[in-house]
Amino acid sequence: MTADLATAPPADGHLSQQEFRQPKTGWKTTRLYAGLTLIVIWGLAPFYWMIVTGLRDVGFTFDTTPWPTHVTLDNFRTAFSTDRGNHFGQALVNSVIIGVVTTAVAMLVGVFAAYALARLHFPGKYLVLGFILGASMFPGVALVSPLFQLFSSINWLNGYNYQALIIPDISFALPLTVYTLTAFFAEMPWELEESARMDGCTPGQAFRRIMLPLAAPGLFTTAILAFISSWNEFLLASQFASAKTQPVTVAIANFSGAQPHQEPYTAVMAAGTIVTVPLIIMVLFFQRAIVSGLTAGSVKG
Amino acid sequence: MSTTIADSTTSGRAQGTPPSRRRKGGLEAGQPRQAFWLVLPTLLLLTVVIVYPLVKAIIMSFQKDSGLDPASGLFVEGGSAGLSNYKHWLLQQCNVAGGGTIPCPAGSLGSQFYDALWVTLFFTVATVVIEIVLGLWFATIMNRTFRGRGLVRAAILIPWAIPTAVTAKLWLFIFAFDGIANHLLGFVGINPLLWTGDAWPARFAVIIADVWKTTPFMALLILAGLQIISADVYEAAAIDGASKWQTFRRITLPMIKVPLMVAVLFRTLDVLRIFDLPWILTQGGGGNGHATSTLSILVINQIRTGFNSASALSTIVFLIIAFAAFLFIKFGGADVVQRPPTVSKPGGRRPFWRRSTTPADPSTDVAADVPATVGK
């Protein structure tokens, strides 16, 4: 029926509007693929330039040949070298520690709240949701001066005090976790849990065998989003990290070169490539899940 | 026409409503107490990491900064400051050695408040407007059927995934005097710019880098909105002889209004607190020395000279952001938390201009309206 209607010419002869469910014309296809090419270039070109520069000999930093020239791995060695006071390798370890602990805490605590918000009825639910949303909009900079004073008085701003970075990170990772999970949980077919009970499962079995496998993709996606958000955090880390605990974002921002006031571009691009590659791999493997996590809840349906 | 669309949305939502909403009465007994224990850990943790620092910052903002007076070199005791920290920023009053105040001298941090406020607002308006336009365009392209959907989606996620600190260093290199940006400008006969040195090029460098990084988020949220519009609606519009612009204005825009406004809300609040990008790209400098100093950068600079006046400034930043969020949710249609059905009567309490396009929907479950954001 719809096909018939779509092909029937409209009364006032707007033939150009007859695009639906018809084979694409050559011109339209060309325009579509031109637009898609532009989007791909948008996403990849600056990133490509970072990799190309990271592979270029330091003497040819400002070479503008669009493909790799004077290829060397020296910059990657320089990035990890500690001769100039950079501790990039340590910073990578720190970022993993901070990211994993922050994500684990946010997930362990947030999963219960999200379950309650998605499934249970209780007074004050909207107040709680509003509070969590407000927390997600909270400016990190407002945490800095009170926490800086507190942490310096209890001597957390030097040595291996990872908690001085993890605790402030919870302030954005936990709200993110709770509302992403709430959106995922709300869309799950919870009737299946009851059906499983009817079929003789214990509550534990119904949860383990039926609901947990269904919830796994949502839990996993949320964990990835929380991890990326804390891996990429800079403002709080730049204030609360010591030389021992600084994460990669701070290490890259403060990367020093052979001479003061001279930016070691090629080494920084190599370091940037190393920091970004794990994220790119996640994006390649889990793009569908990440997109659904990012947009979860903003759209009904 | 709009009624038809509205009706189809309503029924679509009703079908998507989880069964928990329909269950009432006996089965819900005991739920409030269970929910209390489930929600408690999250609330306690957020109280520790957000409410406590916020309250402490407010208390600190009414205290004097103790330390050496930069003018007299004498040690000044702390103590209650009344509103002087707020007057310092908002009325540009700087303390002098003997007591009393003078207008803050040029070059002092105190005198930078309104510059920082305007540049932050300028960044916010410029980036969000550009992102809406580009995001709509990208989303429309990606909404068509084509081969290689996965490749395009992965490509557009890359700017989003790269840490902002790395993005800033990458664009610092691109905008270097001998860098690729000036090289490409050379092809069209434009002389090299001091991208991170002069005031306006530095501001545009920040805007370009931010737009590059965050347009994907906007595009993906808009795309998710576009994908729930049924093709039948467009067919009907085509049969009625609607023009391309009419179709966009009367169908697409109202249908994607909620996801679009949610994306705009979160992006606006993100840019209002922008720090990493201008800090690493230009150190807040450019032009006369602070052309790209945003409010957050000013707070961080101020912390080195006094916690308490920094706390007053960060409290002002918090209030500005809270006010922006309030405006969006109240007037902008960013329905991030829908009121419980019992409170919002259909059509009631809504401004008249929103009634026809977004009908109050009593069956909408709140959880479906919780938006997600990207990390920083």
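For clarity, every value in this text was computed on a predicted model and none was experimentally measured. (Residues numbered from 1 in each chain as written. Chains lettered and ligands numbered in written order. Predicted model: local features only at pLDDT ≥ 70, side-chain atom pairs only at ≥ 80, totals over all residues.)

Participant: Honestly, the overall build of chain B in this entry has me stumped. Any pointers?
Facilitator: In terms of regular secondary structure, chain B is built from 16 helices and four strands. Taken across its 376 residues, chain B has 44% of its residues classed as buried. When contacts within chain B are restricted to residue pairs at least 6 apart in sequence, those whose partners lie at least 24 apart make up 69%. (Helix = DSSP H or I, 4+ residues; strand = E, 2+ residues; numbered from the N terminus. Buried ≥ 20, exposed ≤ 12 C-beta atoms within 10 Å, placed from the backbone. Contact = placed C-beta atoms within 7 Å.)

Participant: What's the story with the overall build of chain A in this structure? I'm lost.
Facilitator: What chain A contains, in helices and strands, is 12 helices and zero strands. When its helices and strands are written in sequence order, chain A yields α-α-α-α-α-α-α-α-α-α-α-α. A buried classification covers 45% of the 301 residues belonging to chain A. Summarising the internal contacts of chain A: among those between residues at least 6 apart in sequence, 72% fall at separations of at least 24.

Participant: Could you clarify how one ought to interpret the packing of helix H9 (residues 199-227) of chain B against helix H12 (residues 257-272) of chain B in this entry?
Facilitator: For any two helices packed against each other, the geometry is given by the interaxial angle and the distance between the axes. Residue and element names in this part refer to chain B. Where H9 contacts H12, the two axes come as close as 8 Å, and the packing angle between them is 160°. Compared by their axis directions, H9 and H12 come out roughly antiparallel. The hand of the H9/H12 crossing is right-handed. For the pair H9 and H12, contact is made by Thr214, Met218, Leu221, Ile222, Ala224 and Gly225 and by Pro259, Leu260, Val262, Ala263 and Arg267, respectively. Its residues assigned to classes, the contact of H9 with H12 shows eight nonpolar, two polar and one charged. (Axes fitted to C-alpha atoms, helices over the stretch in contact; angles between N-to-C directions. Parallel < 35°, antiparallel > 145°, perpendicular 65-115°, else oblique. Left-handed = near helix turned anticlockwise from the far one by under 90°. Nonpolar A, V, L, I, M, F, W, Y, C, P; charged D, E, K, R; others polar.)

Participant: Would you take a moment to explain the interface of chain B and chain A for this structure?
Facilitator: Interface size, as often reported, equals the accessible area lost upon joining of the parts. Between chain B and chain A, the contact holds 107 residues from the first and 105 residues from the second. With 19 residues, helix H3 (residues 31-61) of chain B is the single largest residue contributor to the side of chain B that touches chain A. Classifying every residue of the side of chain B that touches chain A by side-chain character gives 73 nonpolar, 19 polar and 15 charged.

Participant: I'm lost on the domain arrangement of chain A in this one. Help?
Facilitator: Residues and elements named next belong to chain A. Each domain of chain A was delimited in the assignment, giving domain 1 (2-77) and domain 2 (79-295). Taking only C-alpha atoms into account, the centre of domain 1 sits 31 Å from that of domain 2. On the domain 2 side, the residues contacting the 10 residues of domain 1 number 10 residues. Put simply, the parts of the chain that give the side of domain 1 that touches domain 2 at least two residues each are helix H2 (26-54) and helix H3 (74-80). Among the elements that make up the side of domain 1 that touches domain 2, the one with the highest residue count is H2 (four residues). (Domains from an automatic or database assignment.)

Participant: Even after reading the chapter, I still don't get the environment of A:Ile41, so can you show me in this structure?
Facilitator: For A:Ile41, the position within the fold is in helix H2. Expressed as a C-alpha distance, the spacing of A:Ile41 and A:Val291, which sit 250 residues apart in the sequence, is 19 Å.

Participant: Can you walk me through unusual backbone geometry in this structure?
Facilitator: Excluding glycine, most residues fall at negative phi; most peptide bonds, likewise, are trans. Residue and element names in this part refer to chain A. The backbone phi angle of His70 is positive, close to 50°, even though this residue is not glycine. Among the secondary structure elements, His70 is positioned in the loop between H2 and H3. For Asn155, which is not a glycine, the phi torsion comes out positive at approximately 65°. Mapped onto the fold, Asn155 is located in the loop between helix H6 (141-153) and helix H7 (163-186). Assessed through the 10 C-beta atoms surrounding it within 10 Å, Asn155 is described here as exposed.

Participant: Looking at this model, I keep getting lost on the environment of B:Asp65. Mind explaining?
Facilitator: Counting through the fold element by element, B:Asp65 comes out in the loop between H3 and strand E1 (67-68). Taking the C-alpha atoms as reference points, B:Asp65 and B:Gly306, separated by 241 residues in sequence, lie 5.6 Å from one another.

Participant: Help me out: how do you make sense of the nonpolar core in this one?
Facilitator: Generally speaking, nonpolar side chains in soluble globular proteins are found buried as a group. If you look at the biggest cluster of nonpolar residues, it comprises 165 residues, and the most contacted ones within it are A:Ile252, B:Ile222 and B:Val299. Looking at which element gives the most residues to this core, the answer is H7(A), with 16 residues. Among the domains, domain 1 (2-77) and domain 2 (79-295) of chain A are the pair contributing at least three residues each to this core. (Core = buried A, V, L, I, M, F, W, Y, C linked by C-beta atoms within 7 Å.)

Participant: Help me understand the environment of B:Thr215 in this model?
Facilitator: Residues and elements named next belong to chain B. Summarising the element assignment, Thr215 is placed in helix H9. Looking at Thr215, the number of C-beta atoms within 10 Å reads 26, which means it is buried. Spatially, the C-alpha atoms of Thr215 and Phe146 are 21 Å apart, while their sequence positions differ by 69 residues. The residues touching Thr215, leaving out its near neighbours within four places in the chain, are Glu131, Leu134, Gly135 and Phe138.

Participant: Any chance you could explain the confidence of the model for chain A here in plain terms?
Facilitator: Residue and element names in this part refer to chain A. Per-residue confidence for chain A gives a mean pLDDT of 85, with 89% of residues at or over 70. No element of chain A has a lower mean pLDDT than helix H1 (residues 2-7), which averages 41, and none a higher one than helix H4 (residues 88-119), which averages 94. Low pLDDT, under 50, characterises residues 1-21; the stretch is placed with 22 contacts to residues that sit more than four places away or in other chains. (pLDDT = per-residue confidence, 0-100.)

Participant: Can you walk me through the packing of helix H7 (residues 164-174) of chain B against H9(B) in this structure?
Facilitator: Residue and element names in this part refer to chain B. At a minimum axis distance of 10 Å, the contact between H7 and H9 shows a crossing angle of 130°. By the criterion of interaxial angle, the relationship of H7 to H9 is oblique. Considering the relative orientation of H7 and H9, their crossing is right-handed. Judged by residue contacts, Thr164, Thr167, Ala168 and Trp171 of H7 engage Ala205, Ala209 and Lys213 from H9.

Participant: Sorry, what's going on with the confidence of the model for chain B here?
Facilitator: Atom-level detail of predicted coordinates should not be read off regions where pLDDT is low. All names here are of chain B. Confidence in the prediction of chain B, expressed as mean pLDDT, is 78, and 75% of residues score 70 or more. In the model of chain B, helix H16 (residues 352-355) stands out as the element of lowest mean pLDDT, 36, in contrast to helix H5 (residues 113-142), which has the highest, 94. In the predicted structure, residues 1-25 sits below a pLDDT of 50 and forms 32 contacts with residues beyond four places in sequence or in another chain. The low-confidence segment residues 338-376 (pLDDT under 50) makes 91 contacts with residues lying over four places distant or belonging to another chain. Among the prediction metrics, the complex's ipTM stands at 0.86, with pTM recorded as 0.82.

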